[in-house]
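# Breakdown of the fold
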Amino acid sequence: MSRVADSRRVDAAGIDALASAFFDVFDNRGGVRVDLDRLRTLCIAEALLVKAVGAAPQACGLDAFIAPREQLLNAGALVDFHEEELSAHTEIFGNIAQRWCRYRKAGVLEGVGFATEGMKGLQFLRTPQGWRISAVLWDDAPA
């Protein structure tokens, strides 16, 4: 196998692992406390996160993204929550990559169970420390 093919395979595996680790952060099933600070090791400090659910998108940086989710996922309002990637397509070009994935999330919010699917776009950047997430964009299927 060529050196280029080997490099692409290593890059793809690294991005797959990074995407999987991202989804794993959001899992509090069985009363497990989530560690949203793990996002700081998965993302660049300047990462942009955009929730495009509903009429008005909500864009924020990493700190503003983590704070409310820390409360929601660890204070008991949202329990037995998890997200999982159902399918994905990733394109890599040099030091950047884009991944479109269909995902599912489910949990119990304030005593009411829910499950929905949606799409996420993740952008990745090769850094001296390896691949990191530079942006996340998502929208859920209409209820």
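Up top is the structure.
Computed from a predicted model, the values in this text were never measured in an experiment.

Moving on: the pairing of strand 1 (residues 43-51). Here strand 1 pairs with strand 6 (residues 130-140) via 5 bridges, running parallel. Its bridge partner lying in strand 6, Val50 is registered against Leu137. One ladder, built from 4 bridges, connects strand 1 with strand 2 (residues 58-61); its direction is antiparallel. From the neighbouring strand, Val50 faces strand 2, where its bridge partner is Ala59. Taking the residues between adjacent antiparallel strands as the criterion, strand 1 and strand 2 are bridged by 6 residues, where Gly54 takes a positive phi near 90°.

Turning to the packing of aromatic side chains, a few remarks are in order. Pairs of aromatic rings are described using the distance from one ring centre to the other and the angle between the two planes. Counting across every chain of the model gives 6 aromatic pairs. Both rings, one in Phe65 and one in Trp138, keep their centres 5.9 Å apart while their planes meet at 75°; by these two values the pair is edge-to-face. Within this pair, whereas Phe65 is found in helix 3 (residues 62-74), its partner Trp138 is found in strand 6, the two being separated by 73 residues in sequence. Given the relative accessible area of 9%, Trp138 is considered buried. Lys120 extends its terminal NZ or CZ atom over the ring of Tyr103, reaching a point 4.5 Å from the ring centre. Taking the ring centre of Trp138 as reference, the NZ or CZ of Lys120 above it sits at 5.6 Å.

With that out of the way, let us pick up the pattern of salt bridges. Going through the model one piece at a time under the given rule, you end up with 11 salt bridges. Note that Arg40 and Asp37 form a salt bridge whose closest N and O atoms lie 3.1 Å from each other. Among the residues examined, Asp37 registers a relative accessible area of 42% and is labelled partly exposed. The partner of Glu117 in a salt bridge is Arg102, and the shortest N-O contact between them spans 3.3 Å. Here the residue Glu117 occupies a position in strand 5 (residues 112-127), and Arg102 occupies one in strand 4 (residues 96-109), the gap between them amounting to 15 residues. Among the charged side chains, a salt-bridge network with shared partners connects Asp16, Glu85 and Arg99.

Criteria and thresholds
- Residues numbered from 1 in each chain as written.
- Predicted model: local features only at pLDDT ≥ 70, side-chain atom pairs only at ≥ 80, totals over all residues.
- Heavy atoms only, no water.
- Pairing = 2+ DSSP bridges.
- Helix = DSSP H or I, 4+ residues; strand = E, 2+ residues; numbered from the N terminus.
- Phe/Tyr/Trp six-rings, centres within 6.5 Å; stacked < 30°, edge-to-face > 60°.
- Buried < 20%, exposed > 50% of the residue type's maximum accessible area, 1.4 Å probe, protein only.
- Lys NZ or Arg CZ within 6 Å of the ring centre and 35° of its normal.
- Salt bridge = Lys/Arg side-chain N within 4 Å of Asp/Glu carboxyl O.

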